[in-house]
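# Coordinate analysis (summary)
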Amino acid sequence: MKRVTERAAHYIRDELLKRERFIVIASDTRQNILSINRSTPDWKLPGLIRGSVLPDTLSSLLNAASDSDEPVVFPYVEMDGYFIDIHVLGNEQSADLVLHDVTQAHEKEQTLQ
């Protein structure tokens, strides 16, 4: 997609957030959770508490992606009964983990197989 106007970019973002479930976690160099933001307040995963250390699953994925300068995506990670695409965006000072609930897409894919 070529560059779009800021208005179109905001519209696309807002429409996507209305239809999809995301959790964005910001962490520091020691993998402490600095903030947690959810697209829908009803979607929560255990162990995500501001000020605590990342749960082991997320910590290991963050470690696996730590050498990359580009975002790294881990598709269909199973966590607490959900299938999640985990996007890791990081540098040496901090990281953002974007958790995207893809459970419905995973179920559809399994049905087709």
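From a predicted model like this one, the values you see are computed outputs, not experimental measurements. (Residues numbered from 1 in each chain as written. Predicted model: local features only at pLDDT ≥ 70, side-chain atom pairs only at ≥ 80, totals over all residues. Heavy atoms only, no water.)

## What to know about a nonpolar patch on the surface
A cluster of nonpolar residues, Val4, Tyr11 and Ile12, forms a patch on the protein surface that exposes about 300 Å² of accessible area. With respect to the helices and strands, isoleucine 12 occurs in helix 1 (residues 6-19). In this structure isoleucine 12 comes out as partly exposed when scored by relative accessible area, which is 43%. (Patch = residues over 30% accessible without salt bridge, like charges linked within 9 Å, V, L, I, M, F, W, Y side chains within 5 Å. Areas by Shrake-Rupley, 256 points an atom, 1.4 Å probe, with all protein chains shown as cover. Salt bridge = Lys/Arg side-chain N within 4 Å of Asp/Glu carboxyl O. Helix = DSSP H or I, 4+ residues; strand = E, 2+ residues; numbered from the N terminus. Buried < 20%, exposed > 50% of the residue type's maximum accessible area, 1.4 Å probe, protein only.)

## A word on the environment of arginine 7
In this fold, arginine 7 is placed in helix 1. Judged by relative accessible area, which is 70%, arginine 7 ranks as exposed. The sequence separation of arginine 7 and aspartate 69 amounts to 62 residues, and the corresponding C-alpha distance is 29 Å.

## What about the packing of aromatic side chains?
What the rule picks out here adds up to one aromatic pair. Between tryptophan 43 and tyrosine 82, the ring centres sit 5.7 Å apart and the planes meet at 70°, which makes this aromatic pair edge-to-face. Taken together, the residues tryptophan 43 in the loop between strand 2 (33-38) and helix 2 (56-65) and tyrosine 82 in strand 4 (residues 82-90) connect sequence positions 39 residues apart. Tryptophan 43 sits in the buried class, given a relative accessible area of 0%. (Phe/Tyr/Trp six-rings, centres within 6.5 Å; stacked < 30°, edge-to-face > 60°.)

## Structural notes on the nonpolar core
Counting residues in hydrophobic clusters, the biggest one holds 22 residues, and the most contacted among them are Ile25, Leu58, Ile86 and Leu99. Secondary structure elements with two or more residues in this core: strand 1 (22-28), strand 2, helix 2, strand 3 (72-79), strand 4 and strand 5 (94-101). (Core = buried A, V, L, I, M, F, W, Y, C linked by side-chain atoms within 4.5 Å.)

## Let's talk about the side chain of serine 27
Mapped onto the elements of the fold, serine 27 is located in strand 1. Given a relative accessible area of 0%, serine 27 falls into the buried group. Not counting chain neighbours up to four residues away, the residues in contact with serine 27 comprise Asn32, Leu34, Leu54, Leu62, Ser94, Ala95 and Leu97. (Contact = heavy atoms within 4.5 Å.)

On their own, these measurements won't tell you what the molecule is for.
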